[in-house]
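The primary structure of each chain is shown beneath.
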Amino acid sequence: DVKVTQSSRYLVKRTGEKVFLECVQDMDHENMFWYRQDPGLGLRLIYFSYDVKMKEKGDIPEGYSVSREKKERFSLILESASTNQTSMYLCATTPLDYGYTFGSGTRLTVV
Amino acid sequence: TQLLEQSPQFLSIQEGENLTVYCNSSSVFSSLQWYRQEPGEGPVLLVTVVTGGEVKKLKRLTFQFGDARKDSSLHITAAQPGDTGLYLCAGGVSSGGSNYKLTFGKGTLLTVNP
């Protein structure tokens with residue numbers, strides 16, 4: 001089975017801090033995604049990547065950036081964390097196929 | 001922007017009851033997936049349907065893709081407390097031969113009481 005590992009399950013950061021969320025997959029999947037999930041809003045796509053060093057904006061990229069230096073690792077960066085970025089962050093991966101495999105999520109609280 | 005509307009948003013039933021969750025859109029999708037998410041975890045893929053009219057069964061769960069590939073339903077027979085969770089539908093549109101980008105519905109939160 002494909003495994004997607006997110007570096008932290010829970011994270012508390014202060015407003016203005018630079019925050020790194022890491023995601024690592026153990027299969028050779030081309031496509032990786034970062035979503036945030038909020039009550040009443042569902043899953044919203046922040047960024048995705050279809051190859052190393054390639055990235056595309058999703059629906060809500062403002063305030064975020066990403067890095068994909070190696071195929072197995074996709075990092076989400078909050079340049080200057082704000083309270084409205086408090087959320088559940090989910091990483092997902094897929095080959096050129098239909099099914100996504102998600103990580104367990106990182107619940108980020110910005111205070 | 002493609003939208004997927006799920007209904008109902010919340011559902012609370014007793015163990016042993018049957019239920020159906022709906023996922024509707026005005027857009028045509030080349031594939032439709034259903035996921036279940038438990039509290040504090042990521043969604044887990046249950047099934048993918050790709051052909052209009054397709055029906056798939058997974059134990060007590062029956063998934064159907066509409067003939068026009070704009071809607072889908074999930075039916076659970078004799079629900080059990082272990083079925084409790086957030087059910088998400090997600091639609092994919094083929095782009096350059098890949099269905100790698102999905103649009104998600106907001107989910108149906110199911111609670112099955114013992």
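Only a predicted model underlies this, so the values are computations on that prediction, with no experimental measurement involved. Here, residues in each chain are numbered from 1, in the same order as that chain's written sequence. By the order in which they are written, chains take letters starting at A while ligands take numbers starting at 1. Only residues with pLDDT of 70 or above have their local features reported here, since the model is predicted, and side-chain atom pairs are shown and tallied only from 80 upward, although totals for entire chains, interfaces and linings are computed over all residues. Note: side-chain values were computed over all heavy atoms of the structure, leaving out hydrogens and water.

Q: Talk me through the interface of chain B and chain A; I want residue IDs and the actual numbers.
A: At the interface, 20 residues of chain B touch 22 residues of chain A. Throughout, the accessible surface (probe 1.4 Å) given up by two parts as they are put together, summed over both, is called the buried area. Together chain B and chain A conceal approximately 1700 Å² of surface at their shared face, both sides included; 58% is due to carbon and sulfur atoms. Put simply, a salt bridge is a Lys or Arg side-chain nitrogen that is within 4 Å of an Asp or Glu carboxyl oxygen. On the surface where chain B and chain A come into contact, there are one salt bridge. The closest approach of N and O atoms between Glu41(B) and Arg9(A), which form a salt bridge, is 3.2 Å. Side-chain atoms alone can form a polar contact between residues adjacent in sequence; in general such a contact is a pair of N or O atoms within 3.5 Å, and within protein one must be able to donate a hydrogen while the other accepts it. Between the two partners, chain B and chain A, sit seven residue pairs in polar contact (both at pLDDT 80 or more). Comment: elements are numbered from the N terminus, with helices defined as DSSP H or I runs of at least four residues and strands as E runs of at least two. The set of elements that each furnish at least two residues to the side of chain B that touches chain A consists of strand E4 (31–37), strand E5 (44–49), strand E9 (85–92) and strand E10 (102–104) of chain B. We call two residues in contact whenever any of their non-hydrogen atoms come within 4.5 Å of each other.

Q: Lay out the sheet that holds strand E7 (residues 64–70) of chain A with the relevant residues and their values.
A: Residues and elements named next belong to chain A. Pairing between two strands requires that DSSP report at least two bridges joining them. Ordered in space as E1-E3-E8-E7, the four strands form an open sheet in which the pairing is antiparallel. In the strand order of this sheet, the two ends are held by strand E1 (4–6) and E7, each with one partner. The mean angle between the axes of side-by-side strands here comes to 20°, regardless of whether they run parallel or antiparallel. Judged from the five bridges that link them, E7 and strand E8 (residues 73–78) form a sheet pairing that is antiparallel. Following the sheet pairing, Lys70 is matched in E8 by Arg73. Angles run from 0 to 180 degrees between N-to-C directions of axes, and those axes are lines fitted to C-alpha atoms, restricted for helices to the stretch in contact.

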